[in-house]
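Now for the letters of each chain:
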Amino acid sequence: MSIYGDYEQVLPQILAMTTKRIQQLNQQVLADHQPKLYEHLIGRVKTSTSMAEKCRRKGYPVTTRSALRECRDAVGLRVVCNFIDDINRCLTLLRQADWWTVVKEKDYITNAKPNGYRSYHLILDETAPYQDPDGHLPGHFFVEIQLRTIAMDSWASLEHEMKYKHHIKDPERIGRELKHCADQLASCDVQMQTIRQLINEKY
């Protein structure tokens, strides 16, 4: 039986609604003749098995309430941008939108993780036309948003894939190489942002 209980069918609707709302923000920007906010969106509902494992790991009861209230990433959406400035534009609009409230922010771009991981994480408290675990209607549901450049996303995807390989020879060296690669890609992001600014300069 799913840890999400009766919300098993609701969470994909929350994901679809959040995706549509972010797409609307992008359409508003394009209508104002500004560059698009992102290159693409990637969404998912965390599987019941993964969520149950997370609850156990965090010491929470393996219940629907823990999955939707203690853990706040049952619904997740990744916003993959072309440039660092696009992430900043997205953040401004996400903070201003009246569909949700930003309840937590974590900046792993300015403060990268020790392994080189870079991304900007938000937890949204989103209003939705479904009853929530507290009995409210409209309900409030948590959604995790991750914002990355294409370079950050490529690195994270490859690092994630390799992290789950077993019996890796010399993992320390691989870790150092991955960190070096992450730093190089971060430098590239800054250079690409500079080039964009130079192109857009008005004389």
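Our subject is the structure that appears above.
Reading the values: the criteria
Residues numbered from 1 in each chain as written. Predicted model: local features only at pLDDT ≥ 70, side-chain atom pairs only at ≥ 80, totals over all residues. Heavy atoms only, no water. Pairing = 2+ DSSP bridges. Helix = DSSP H or I, 4+ residues; strand = E, 2+ residues; numbered from the N terminus. Axes fitted to C-alpha atoms, helices over the stretch in contact; angles between N-to-C directions. Contact = heavy atoms within 4.5 Å. Patch = residues over 30% accessible without salt bridge, like charges linked within 9 Å, V, L, I, M, F, W, Y side chains within 5 Å. Areas by Shrake-Rupley, 256 points an atom, 1.4 Å probe, with all protein chains shown as cover. Salt bridge = Lys/Arg side-chain N within 4 Å of Asp/Glu carboxyl O. Buried < 20%, exposed > 50% of the residue type's maximum accessible area, 1.4 Å probe, protein only. Polar contact = N/O pair within 3.5 Å; in protein donor to acceptor, adjacent residues only side chain to side chain. Core = buried A, V, L, I, M, F, W, Y, C linked by side-chain atoms within 4.5 Å.

A separate point is the sheet that holds strand 1 (residues 40–45). Strands sit in the order 1-2-5-4-3 across an open sheet of five strands; the sheet is mixed. Each having just a single partner strand, strand 1 and strand 3 (100–107) make up the two edges of the open sheet. Averaged over all neighbouring strand pairs, the angle between strand axes comes to 20 degrees, with direction disregarded. On the sheet, helix 4 (residues 84–96) packs against strand 2 (75–81), strand 3, strand 4 (120–128) and strand 5 (139–149) and is oriented at approximately 165 degrees with respect to strand 5.

This next bit is on a nonpolar patch on the surface. Judged by side-chain polarity, Met192, Ile195 and Ile199 come together as a nonpolar surface patch covering roughly 300 Å² of accessible area. Assignment of secondary structure puts methionine 192 in helix 6 (residues 171–200).

Another aspect to go through is the environment of arginine 65. With respect to the helices and strands, the residue arginine 65 is situated in helix 3 (residues 64–70). Note on arginine 65: relative accessible area 43%, which makes it partly exposed. When the C-alpha atoms of arginine 65 and tyrosine 4 are compared, they prove to be 8.2 Å apart, with 61 residues separating the residues in sequence. Contacts of arginine 65, omitting those with residues within four sequence positions, involve Glu70, Pro133 and Asp134.

Tracing the backbone through its elements, the reader meets tyrosine 120 in strand 4. We classify tyrosine 120 as buried; its relative accessible area is 10%. The sequence separation of tyrosine 120 and isoleucine 109 amounts to eleven residues, and the corresponding C-alpha distance is 6.1 Å. Apart from the residues within four sequence positions on either side, tyrosine 120 is in contact with Ile87, Leu91, Arg95, Glu105, Lys106, Asp107, Ile109, Ile145, Gln146 and Leu147. Within polar-contact distance, the side chain of tyrosine 120 engages the side chain of glutamate 105 at 2.5 Å.

So, about the nonpolar core. Core analysis: the biggest nonpolar cluster contains 39 residues, and Tyr4, Ile145 and Leu147 have the highest contact counts within it. Going through the elements one at a time, helix 1 (10–31), helix 2 (48–58), helix 3, strand 2, helix 4, strand 4 and strand 5 are the ones with two or more residues in this core. Top element by residues in this core is helix 1. It accounts for eight residues. Counting six residues, the second largest nonpolar core, distinct from the first, contains Trp155, Ala156, Leu178 and Ala182.

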